There are 2 protein chains.
Amino acid sequence: MNTKPRIVMKFGGTSVADLDRIRTVAQKVKKQVMAGCEVAVVVSAMSGETNRLVGYCNSLAKLYDPQEYDSIVATGEQVTSGLLAIALQELGLKSRSWQGWQIPLKTDHAYGKARIETIESSVLVDSMQNGYVPVIAGFQGISEEGRITTLGRGGSDTSAVALAASLSASRCDIYTDVDGIYTTDPRIVPEARRLEKITYEEMLELASVGAKVLQTRSVELAMKEKVRVQVLSSFVEGPAPMEGELPGSLVVDEEEVMEKEKVTGIAYSRDEAKISVRNVPDRPGVAAAIFVPLAQANVNVDMIVQSSGGDGLTNMVFTTSKTDLARAIQILELERGNIQYGEIVTDDSVVKISVVGIGMRSHAGIAGTMFQTLSERSINVQVISTSEIKVSVLIAAEYTELAVRALHKAYGLDMAQAG
Amino acid sequence: MNTKPRIVMKFGGTSVADLDRIRTVAQKVKKQVMAGCEVAVVVSAMSGETNRLVGYCNSLAKLYDPQEYDSIVATGEQVTSGLLAIALQELGLKSRSWQGWQIPLKTDHAYGKARIETIESSVLVDSMQNGYVPVIAGFQGISEEGRITTLGRGGSDTSAVALAASLSASRCDIYTDVDGIYTTDPRIVPEARRLEKITYEEMLELASVGAKVLQTRSVELAMKEKVRVQVLSSFVEGPAPMEGELPGSLVVDEEEVMEKEKVTGIAYSRDEAKISVRNVPDRPGVAAAIFVPLAQANVNVDMIVQSSGGDGLTNMVFTTSKTDLARAIQILELERGNIQYGEIVTDDSVVKISVVGIGMRSHAGIAGTMFQTLSERSINVQVISTSEIKVSVLIAAEYTELAVRALHKAYGLDMAQAG
């Protein structure tokens, strides 16, 4: 009966930073409605607003109550959702705002980083079928106790993907301040190309290694629920955004990507710190002695390499995020008697460079090209880690741009259309 | 079983204007809890916040959707309630915030100026009996449709009084930026005295004629529900605020006031405009011809006087608020054919001075003293209106201070303790 394509449009903080931009967003939504779509919109807080509210909480208490924190910071999205609804009404559309608790969008009770459990989206479907554009406050939900929860920074992306899944939307468009996913950071490599399509798996690797376009959880969710996600800019006046003339990057299932690139992109993350635990007795259980206490203290460990000297001692080298560094050291010092290490050496002037591509599965030699390219520039590789579709190396931070540029060229990504 | 006195404390926008003031408010609440009371707190938005949000709505649309407006502006109180809960927790108290929809505090669906219908305060009672200090976001409720409503500017006073009634609180303390109700504006008359007690009826007359301390509706509600309301300053470090050493003004039932003052206070309102409809045929129905269309256009008319010239024509003089003046003129011009007036003359350089006192009922001569006092200063009275406990006159605005000072002295209010 109803054959209108259904689209979820999500606008991030910079896209709704002030009233003029909110009016521009309303125009974009109207265009999509005029093109014959049923549209549900998800909004973030006006940029700066969440930081202001978080700042209040931090000033009042070092360890603030996360339930109050959630109730406070969720107001940012509440304001934007109401303002956009008004702006849409001014353009002659029927529209209303929805808070997480009104839908309801139910989450667990992990305040501050809650996970969505169910969305009772029938009210939104009714609303759209009655010709309304529902504007949903992103980033928030309601717990079983009836309190407001938030989904963690960047959580509006996850709201949008979850709503798109719940509404069986044909696409979830994430409007942001970049016009898509690039083969690498265009600020470093001007020759970087926008990717028309990228798989969820590749996007996950790119998101988690430093391409901060989409919240990682939103990509995981999109992959699980097979939601087609398009990343595009709110600041580019594109053509009528119908399928076939998409101005952004589409994140899709592997089956939708015909030509599987060996290497899709080069990512880098400066948020790395290296910890070397030196001269540990080389005995079974030493890794557990180091990493179990760190895990218990919620310190995330990423790359790990162990090198034995042959003298009954071994060195354990691993990376963590810069923000976790101090805590990690504190834990290791507390555990010194148990681990029995000689010394700890840290280095936060490091960067992680990753080469990502779903085609790696069927192509050998990707890692070899990486090591050779870096070696030719005399860049020393300190730690290596690999996954099925990624090779990462840790190098000195000063070589970041050199390495990214060299690798981008080496994998043929500079070209107009890589094969 | 539970014999703790129960107090509702309400803090206005200037009292929670920044984090330091929120910390000060938390101290005041703690003091009241330490004195052995069960305390529920009601908060306004941080001062300036509501104006900022209203400004957004006004910029986006001339006639914005009141449902969206309510959802947007209610966030101000939501933020403050969470911040105060955190500040109370930092002082070692158990506390949590409550939004209108969480209690729920149910209102009608007159968005933007909703009226409270019921408060399911049992959750708050449970909370207090479990040792929590509930911090309730003022100014807001929820409609039957499940949408956020607001109670109109100053509505947090009404929230507080309604909660005090629902909780059977022994007192509702309204903390504001003045330390009580005065016999007149101390900026004009330095000899003005703080009133220790004032009746609801007197407070209503004072509130509605320009003493902007309490929202009029909150006083009506307090009178109806017999809630004892105390007005006091959040900026004065008073003694432990237990009965008997109250640093503010108590608004109470007439029976609680032993010495009924003939005149309790002198109020003035600069928000007046005078409209003279001249040379109207002096026939039955002329008043209806003028005032029915005005009422239909929601123009509030206050004082009315009709003077006949004896030549078959009459003049109709009345006042309205300055903001309604343009609309009133527009209506009258539309109705010219029907009213058949000669001309309309307006004057917005007028002020309404009111003498208020519950003792007037049993004392003659109050109005006479007023007219004589003004006459001795050569101040011309343009319009007069009276109620059971009030005499108001309209005079030229330039005489405001002179008239208020003269009347304050004439009624013996300057003295240390008037009888």
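Residues numbered from 1 in each chain as written. Chains lettered and ligands numbered in written order. Predicted model: local features only at pLDDT ≥ 70, side-chain atom pairs only at ≥ 80, totals over all residues. Heavy atoms only, no water.

**Remarks on the overall build of chain A**
Heads up, the condition is: Where helices and strands are cited, they refer to DSSP runs of H or I of at least four residues and of E of at least two residues respectively, numbered from the N terminus. Note that the radius of gyration is over C-alpha atoms, with the globule rule given as 2.2 Å times the number of residues to the power 0.38. Burial classes: relative accessible area under 20% of the type maximum marks a residue as buried, over 50% as exposed, and values in between as partly exposed (1.4 Å probe, protein chains only). In this description, contact between two residues means that some pair of their heavy atoms is separated by no more than 4.5 Å. Positive charge is attributed to Lys and Arg, negative charge to Asp and Glu, and no charge count is given to His or to the chain ends. Where a charge sits is defined by one atom per residue type, namely NZ (Lys), CZ (Arg), CG (Asp) or CD (Glu).
A tally of helices and strands in chain A yields 13 helices and 18 strands. Radius of gyration (C-alpha) of chain A: 23 Å, near the 22 Å computed for a compact globule of 419 residues. Considering only C-alpha atoms, chain A reaches an extent of 75 × 55 × 35 Å along its principal axes. For chain A, with 419 residues in total, the buried portion stands at 56%. Long-range pairs, those at least 24 residues apart, make up 75% of the contacts in chain A between residues at least 6 apart in sequence. Each charge class in chain A can be summarised by its mean position, and for the 42 positive and 52 negative side chains these summaries are 3 Å apart.

**Some remarks on the sheet that holds strand S15 (residues 313-320) of chain B**
Whenever strands of a sheet pair, they do so through backbone hydrogen bonds, lying parallel or antiparallel. Residues and elements named next belong to chain B. Heads up, the condition is: Pairing between strands is defined by DSSP: at least two bridges between the two strands are required. As a rule, the C-alpha atoms of each element are fitted with a line to give its axis, helices using only the stretch in contact, and angles between N-to-C directions run from 0 to 180 degrees.
With respect to topology, six strands assemble into an open sheet ordered S14-S15-S13-S16-S18-S17, the strand pairing being antiparallel. Two strands lie at the open edges of the sheet, namely strand S14 (301-308) and strand S17 (383-387), each paired on one side alone. The sheet shows a mean angle of 25° between the axes of neighbouring strands, direction not considered. Helix H10 (residues 325-334) contacts strand S13 (265-281), S15 and strand S16 (343-356) of the sheet and is inclined by roughly 15° relative to S13.

**Some words on the UniProt feature "binding site: ATP" (unreviewed entry) in chain A**
Residues and elements named next belong to chain A. Cut-off, in case you're wondering: UniProt positions are given in the numbering used here, feature names are shortened, and annotations may be inferred rather than shown by experiment.
Per the UniProt record, "binding site: ATP" (unreviewed entry) is found at Lys10, Phe11, Gly12, Gly13, Thr176, Asp177, Tyr182, Arg187, Lys212 and Val213. Over a stretch of 204 residues, the named residues are scattered through the fold, their C-alpha atoms separated by up to 24.9 Å. In this fold, Gly12 is placed in the loop between strand S1 (6-11) and helix H1 (19-34). Taking the relative accessible area as the measure of exposure, Gly12 reaches 10% and is therefore buried. The residues contacting Gly12, other than those within four sequence positions of it, are Ser44 and Tyr175. Turning to its location among the elements, Arg187 is positioned in the loop between strand S9 (171-176) and strand S10 (197-199). On the basis of relative accessible area, Arg187 is assigned to the exposed category, the value being 73%.

**Digging into the interface of chain B and chain A**
We count it as follows: Buried area, as used here, totals the accessible surface that two parts lose on assembly, with accessibility defined by a 1.4 Å probe and the loss added over both. Here, a salt bridge means any Lys or Arg side-chain nitrogen found within 4 Å of an Asp or Glu carboxyl oxygen. Within 3.5 Å is the distance limit for a polar contact, defined as a pair of N or O atoms, with the added protein rule that one can donate a hydrogen and the other accept it, and that residues adjacent in sequence qualify only through two side-chain atoms. In this count, Pro and Cys sit with the nonpolar residues alongside Ala, Val, Leu, Ile, Met, Phe, Trp and Tyr, while Asp, Glu, Lys and Arg are called charged and the others, Gly among them, polar.
Opposite the 37 residues of chain B that make contact, chain A presents 37 residues. Surface buried jointly by chain B and chain A totals about 3,200 Å² across both partners, of which 62% is contributed by carbon and sulfur atoms. When the buried surface of chain B facing chain A is broken down by residue, Leu60, Ile86 and Trp101 of chain B rank first, second and third, together holding 21% of it. At the surface where chain B touches chain A, the tally comes to two salt bridges. The partner of Glu49 of chain A in a salt bridge is Arg52 of chain B, with the nearest N and O atoms 3.3 Å apart. The tally of links from chain B across to chain A stands at 14 residue pairs in polar contact (both at pLDDT 80 or more). The element that contributes the greatest number of residues to the side of chain B that touches chain A is helix H4 (residues 75-90) of chain B, accounting for ten residues. Residues of the side of chain B that touches chain A, tallied by class, amount to 18 nonpolar, eleven polar and eight charged.

**Things to note about the pattern of salt bridges**
Residues and elements named next belong to chain A. Applying the stated rule across the entire model yields 42 salt bridges over all chains. Among the salt bridges present, the one from Asp179 reaches Arg194, with a minimum N-O distance of 3.9 Å. Of this pair, Asp179 sits in the loop between S9 and S10 while Arg194 sits in the loop between S9 and S10; the two residues are 15 residues apart in sequence, bridging distant segments of the chain. With relative accessibility at 23%, the residue Asp179 sits in the partly exposed group.

**Things to note about the UniProt feature "domain: ACT" (unreviewed entry) in chain A**
Residues annotated by UniProt as "domain: ACT" (unreviewed entry) correspond here to residues 275-347 and 355-419 of chain A. Between the end C-alpha atoms of residues 275-347 of chain A the distance is 7 Å, and the span holds 34% helix and 40% strand.

**Focus: the relation of the copies chain B and chain A**
To be explicit about the condition: Copy-to-copy superposition: least squares on the C-alpha atoms, limited to residues that have pLDDT of at least 70 in both copies.
Once chain B is rotated about the relating axis by 179° and shifted along it by 0.1 Å, it coincides with chain A to within an RMSD of 0.1 Å. Considering both components of the superposition, the chain copies are consistent with a two-fold axis. Nearest to the rotation axis, the C-alpha of Thr75 of chain B is located 2.8 Å from it, this being the minimum over chain B. When the interface residues of chain B are mapped onto chain A, 97% of them are again interface residues, pointing to one common binding face.

**Looking at the side chain of Arg171 of chain A**
The topology assignment puts Arg171 of chain A in strand S9. Side-chain polar atoms of Arg171 of chain A contact the side chain of Asp173 of chain A, separated by 2.7 Å.

**Observations concerning helix H2 (residues 49-60) of chain B**
Selection criterion: Helices are assigned an expected span. That span is 1.5 Å times one less than the residue count. Note: the arc covers the axis-to-C-beta directions of the helix.
The end-to-end C-alpha distance of H2 of chain B, which contains twelve residues, comes to 17 Å, matching closely the 16 Å that a straight helix rising 1.5 Å per residue would cover. Glu49, Thr50, Leu53, Val54, Tyr56, Cys57 and Leu60 of chain B are the residues of H2 of chain B that are buried. Burial along H2 of chain B is one-sided: seen end-on, the buried residues are contained in an arc of 150°. Tucked into the core, H2 of chain B has its buried residues touching H1, helix H2 (49-60) and helix H4 (75-90) of chain A together with helix H3 (66-73) and H4 of chain B.

**A word on the domain arrangement of chain A**
All names here are of chain A. The condition is simple: Domain boundaries shown here were taken from an automatic or database domain assignment.
Domain assignment breaks chain A into domain 1 (6-255) and domain 2 (266-410). At the junction of the two partners, domain 1 supplies 16 residues and domain 2 supplies 18 residues. Contact between domain 1 and domain 2 buries roughly 1,400 Å² in total, counting both sides, with carbon and sulfur atoms accounting for 61%. Considering only the side of domain 1, the residues that lose the most area to domain 2 are Ile188, Glu205 and Val209, jointly responsible for 43% of the buried surface there. Counting across the domain 1 and domain 2 interface gives two salt bridges. Residue Lys390 pairs with Glu205 through a salt bridge whose shortest N-O separation is 3.3 Å. At the junction of domain 1 with domain 2, the criterion picks out nine residue pairs in polar contact (both at pLDDT 80 or more). In terms of residues, the side of domain 1 that touches domain 2 owes the most to one element, helix H7 (residues 200-208), which gives four residues.

**Notes on unusual backbone geometry**
In the segment running from Ile103 of chain A into Pro104 of chain A, the intervening peptide bond is cis, with an omega of -15°. Following the sequence through the fold, Pro104 of chain A ends up in the loop between strand S3 (94-98) and strand S4 (105-107). Of note, the phi angle at Asn298 of chain B is positive, near 65°, even though the residue is not glycine. Along the chain, Asn298 of chain B turns up in the loop between helix H9 (286-296) and S14.

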